[in-house]
Amino acid sequence: MIDFDSDYKQTINGRLVGADRTFAAFNPATCEVIDAVPDASQAQLNEAVAAAGAAFRSWRNSPVAERSRALNAIADLIEKHAESFMTLLTREQGKPRAGAQWEIMGSAIWCREIAKQSLPDEIVEDTADRRVITRFSPLGVVGGIVPWNFPVLLAIWKIAPALMTGNTIIIKPSPFTPLCTLKLGELCRDVLPPGVFNVVSGGDDLGKWMTAHPGISKIAFTGHTETGKSVMRSAAGNLKRITLELGGNDPAIVLPDVDPKKIAPELFWAAFQNNAQFCNATKRLYVHEDIYDELLRELVAFTKSVVVGDGARPETQLGPIQNQPQYEKVIDYFTDCIENEYRFAVGGQIDRGASGWFIPVTLVDNPPEDSRIVREEPFGPILPVLKWRDEADVIRRANDTRYGLGASVWGSDLEAVQRIGEQLEAGTVWLNEVHQYSPHQAFGGHKQSGIGCENSLHGLMEYTNWHTITLNRKFGFGRQSATKAA
Ligand code: NAD
């Protein structure tokens, strides 16, 4: 029986290992230490790479059906231990029960759905003379580097396609949320051969060692845009393949023909789900001037009805900021707004004496387009609400960003909604909905929101090399037989 409450160990080559050094994992709702976590040494990373490299030799040749069974077995384990995973996820990440449930059950669904995907050989030519196929061969050892906002799901988004395509993987969770991932590694030892799936825990240095490691063939990274650039630079050492899922500054454009009261809750959750610690959170809300005042009033009223607190309490709808550096970063945006005398429609008061890293949900009333709160990604519960009048102008403003992760458009005039949506420069544009994801739907960023994609067959393909094999059936250069020659 696995104890989810203590004894957090890395999984390297199928063995549970600690480390000479440790760091602390905190509960963000109380700022209390949960437990000590192993801080991997470089030698341990080397060991994990060697083990994953050795395991690759047989895993790459395993039948697709066996890999599919393995992913379903991981899903079974997640479902069997769902209650423990959810409780631990709330404890280490801060998200309330509903969010934890979405993430954990979603992780199981992702495993089962990716298990159905495959990349059969492409037959380019098959004639009496020649046969040409392109095969999608695994890359080798994959390094998965994960952030702290959706620690389990975003790890699964890497583990499932890597294993399904015949690669082996080493996952590094964020040092702020390592616990669920360490337990996942421990559990999976029962269903995977040693070395196929390894979990190492540590800080940013461990991530750097991974991106520079010559034994790793690909890095699948989710995190900040600036970190993504470092990953890309470092991965150049041995031309590692990279998938980068980076930051966003998603705009939502609201047309004048919506009912402010009805749409306010949708827009609220578009922005504040997971306490706005969400790459795809709506981070700029553009509201048509005809309904701006009324919609802002409705948003303020809805905000006041939302319960913020310790995610472990059943009534809580929004938890704390996940970690102290992020808490300080978000406070910096409040300070900037105060210094520039932007108006808070609701929120704005931070109680630094609170027991956890709590920040009140805050709406900033029509700040300037060039303000930091509009231009940057706060990754916390502070949202600029902005006015628009002219369609072409709002499209220009929405696209005027280095990011291009997601966007949404909301309105009753479906033609207008589509016309606007199609002009938005983002990997995913949601029309009259938001945050709908699927294992079969490509997800990735334009511009500085990323490179490559996750999910769908396109995402699966990123874990493979094209391997084109040709056969000339009219082989005519052989030696003639001895009899004929004689
Ligand atoms: P982060 O970049 O600070 O850290 C992410 C991971 O990278 C952590 O595991 C960290 O230890 C590691 N790391 C840090 N420096 C590294 C380096 N130089 N080399 C290799 N690894 C390194 O990001 P975060 O604060 O954990 O996450 C928040 C960011 O992630 C936000 O910008 C958010 O938008 C983005 N994000 C993007 C997506 C997406 O799918 N596009 C999803 C979730 C989060």
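Note that the structure is a prediction, hence the values are computed from the model and not measured. (Residues numbered from 1 in each chain as written. Predicted model: local features only at pLDDT ≥ 70, side-chain atom pairs only at ≥ 80, totals over all residues. Heavy atoms only, no water.)

Participant: Got a minute to help me understand the overall build of the chain in this structure?
Facilitator: Along the chain, the regular secondary structure elements total 16 helices and 20 strands. Dimensions of the chain, computed from C-alpha atoms along their principal axes, come out at roughly 100 × 55 × 40 Å. For the chain, the accessible surface area stands at approximately 20500 Å², while carbon and sulfur atoms represent 51% of it. Across the chain, the mean location of the 49 positive side-chain charges is 9 Å away from that of the 59 negative side-chain charges. (Helix = DSSP H or I, 4+ residues; strand = E, 2+ residues; numbered from the N terminus. Areas by Shrake-Rupley, 256 points an atom, 1.4 Å probe, with all protein chains shown as cover. Lys, Arg positive; Asp, Glu negative; His and termini not counted. Charge placed at Lys NZ, Arg CZ, Asp CG, Glu CD.)

Participant: Sorry if this is basic, but what is going on with helix 10 (residues 292–305) here?
Facilitator: An α-helical segment advances 3.6 residues per turn. Residues three or four places apart therefore align on the same side. In a regular helix each residue adds 1.5 Å, so 14 residues correspond to 20 Å; helix 10 covers 20 Å between its end C-alpha atoms and thus fits that length. Among the structural elements, strand 12 (250–254), helix 9 (260–272), strand 13 (282–288), strand 14 (343–346), strand 15 (362–365) and strand 16 (382–388) are those in contact with the buried residues of helix 10. (Expected span 1.5 Å × (residues − 1). Contact = heavy atoms within 4.5 Å.)

Participant: Even after reading the chapter, I still don't get the domain arrangement of the chain, so can you show me in this structure?
Facilitator: A common way to report how large an interface is uses the accessible area buried once the components associate. The domain boundaries assigned to the chain delineate domain 1 (10–246 + 445–469) and domain 2 (250–431). In this structure, domain 1 and domain 2 have C-alpha centres spaced 31 Å apart. Taking both sides of the interface into account, the surface hidden between domain 1 and domain 2 amounts to around 2400 Å²; carbon and sulfur atoms contribute 57%. The three residues of domain 1 that bury the most area against domain 2 are Ala 29, Trp 148 and Lys 447, which together make up 24% of that side's buried surface. Scanning the region where domain 1 abuts domain 2 turns up 2 salt bridges. Our count for the contact surface shared by domain 1 and domain 2 stands at 15 residue pairs in polar contact (both at pLDDT 80 or more). When contributions to the side of domain 1 that touches domain 2 are tallied by element, the ones reaching two or more residues are helix 3 (82–93) and helix 8 (225–235). Of the residues contributing to the side of domain 1 that touches domain 2, the split by class is 9 nonpolar, 12 polar and 6 charged. (Domains from an automatic or database assignment. Buried area = accessible area lost by both parts, 1.4 Å probe. Salt bridge = Lys/Arg side-chain N within 4 Å of Asp/Glu carboxyl O. Polar contact = N/O pair within 3.5 Å; in protein donor to acceptor, adjacent residues only side chain to side chain. Nonpolar A, V, L, I, M, F, W, Y, C, P; charged D, E, K, R; others polar.)

Participant: Honestly, the packing of helix 3 against helix 4 (residues 97–114) in this entry has me stumped. Any pointers?
Facilitator: The description of two packed helices rests on the angle between their axes and on the distance between the axes. Orientation of helix 3 relative to helix 4, taken along the N-to-C sense of each, is 125°, at an axis distance of 9 Å. The angle between helix 3 and helix 4 places the two elements in the oblique class. Note that helix 3 runs across helix 4; the crossing there is right-handed. Each of Ala 82, Glu 83, Phe 85, Met 86, Leu 89 and Thr 90 in helix 3 lies in contact with helix 4, whose residues at this interface are Arg 97, Ala 100, Gln 101, Glu 103, Ile 104 and Met 105. In terms of residue class, the contact of helix 3 with helix 4 is made up of 7 nonpolar, 2 polar and 3 charged. (Axes fitted to C-alpha atoms, helices over the stretch in contact; angles between N-to-C directions. Parallel < 35°, antiparallel > 145°, perpendicular 65-115°, else oblique. Left-handed = near helix turned anticlockwise from the far one by under 90°.)

Participant: How should the state of the cysteines be read in this particular structure?
Facilitator: Cysteine pairs can be linked by a disulfide, which is a covalent bond between their two sulfur atoms. For the coordinates displayed, the defined rule picks out 0 disulfides. Unpaired in terms of disulfides, Cys 188 finds its nearest cysteine sulfur in Cys 111, a separation of 7.8 Å. Cys 453 carries a free sulfur, and the closest cysteine sulfur to it, the one in Cys 279, is 14 Å from it. Residue Cys 453 is classed as buried on the basis of its relative accessible area of 12%. (Disulfide = S-S within 2.5 Å. Buried < 20%, exposed > 50% of the residue type's maximum accessible area, 1.4 Å probe, protein only.)

Participant: Explain the pattern of salt bridges to me, please; I cannot follow it from the model alone.
Facilitator: Two side chains bearing opposite charge may form a pair once their charged atoms approach each other closely. The final tally for this structure, using the stated rule, is 30 salt bridges. Notably, a salt bridge pairs Glu 226 with Lys 229, separated by 3.4 Å at the nearest N-O pair. Of this pair, Glu 226 and Lys 229 both sit in helix 8, separated by 3 residues, roughly a single helical turn. Judged by its relative accessible area of 42%, Glu 226 is partly exposed. Judged by its relative accessible area of 31%, Lys 229 is partly exposed. Its salt-bridge partner being Glu 377, residue Lys 283 comes within 2.9 Å of it at the nearest N-O pair. Pair noted here: Lys 283 is in strand 13 and Glu 377 is in the loop between helix 12 (372–375) and strand 16, with a separation of 94 residues, a long-range link. Both residues of the pair, Lys 283 and Glu 377, count as buried. Here the residues in one salt-bridge network are Glu 369, Asp 393, Arg 396 and Arg 397, joined through shared partners.

Participant: Would you mind going over the pairing of strand 12 with me for this structure?
Facilitator: Regular strands place their side chains on alternate faces of the sheet. Of all 5 residues making up strand 12, 5 are buried, and the element is well covered by its neighbours. Both faces of strand 12 are covered, namely the face carrying Asp 250, Ala 252 and Val 254 and the face carrying Pro 251 and Ile 253. In this sheet, strand 13 lies alongside strand 12 in parallel orientation, the contact comprising 5 bridges. Bridged to Ala 252 within strand 13 is Leu 285. Where strand 12 lies against strand 17 (residues 406–410), 3 bridges are found, and the strand directions are parallel. Bridge pairing in strand 17 places Val 254 opposite Trp 410. (Pairing = 2+ DSSP bridges.)

Participant: Just to check I follow, could you spell out the sheet that holds strand 5 (residues 122–126) for this structure?
Facilitator: As a general point, the strands of a sheet are linked pairwise by backbone hydrogen bonds and lie either parallel or antiparallel. Within the open sheet, the 3 strands sit side by side as 5-6-20. Their pairing is antiparallel. Both outer strands of the open sheet, strand 5 and strand 20 (464–472), are each paired with one neighbouring strand and no more. Mean inter-strand twist for the sheet, computed between neighbouring axes without regard to direction, equals 20°.

Participant: Just checking my understanding: could you explain the site of the ligand for this structure?
Facilitator: Residues in close proximity to the ligand total 30 residues, the closest being Val 146, Asp 204, Thr 227, Leu 246 and Glu 377. Separating an oxygen atom of the ligand from a backbone N or O atom of Val 146 is a distance of 2.8 Å. Contact with the protein chains removes 93% of the 860 Å² of surface that the ligand exposes when unbound. Every element with two or more residues in the shell around the ligand is listed here: helix 7 (204–212), strand 10 (218–222) and helix 8. Among the residues making up the shell around the ligand, the classes are represented as 14 nonpolar, 11 polar and 5 charged. When we break the shell around the ligand down by domain, the ones giving at least three residues each are domain 1 (10–246 + 445–469) and domain 2 (250–431). (Near = heavy atom within 4 Å.)

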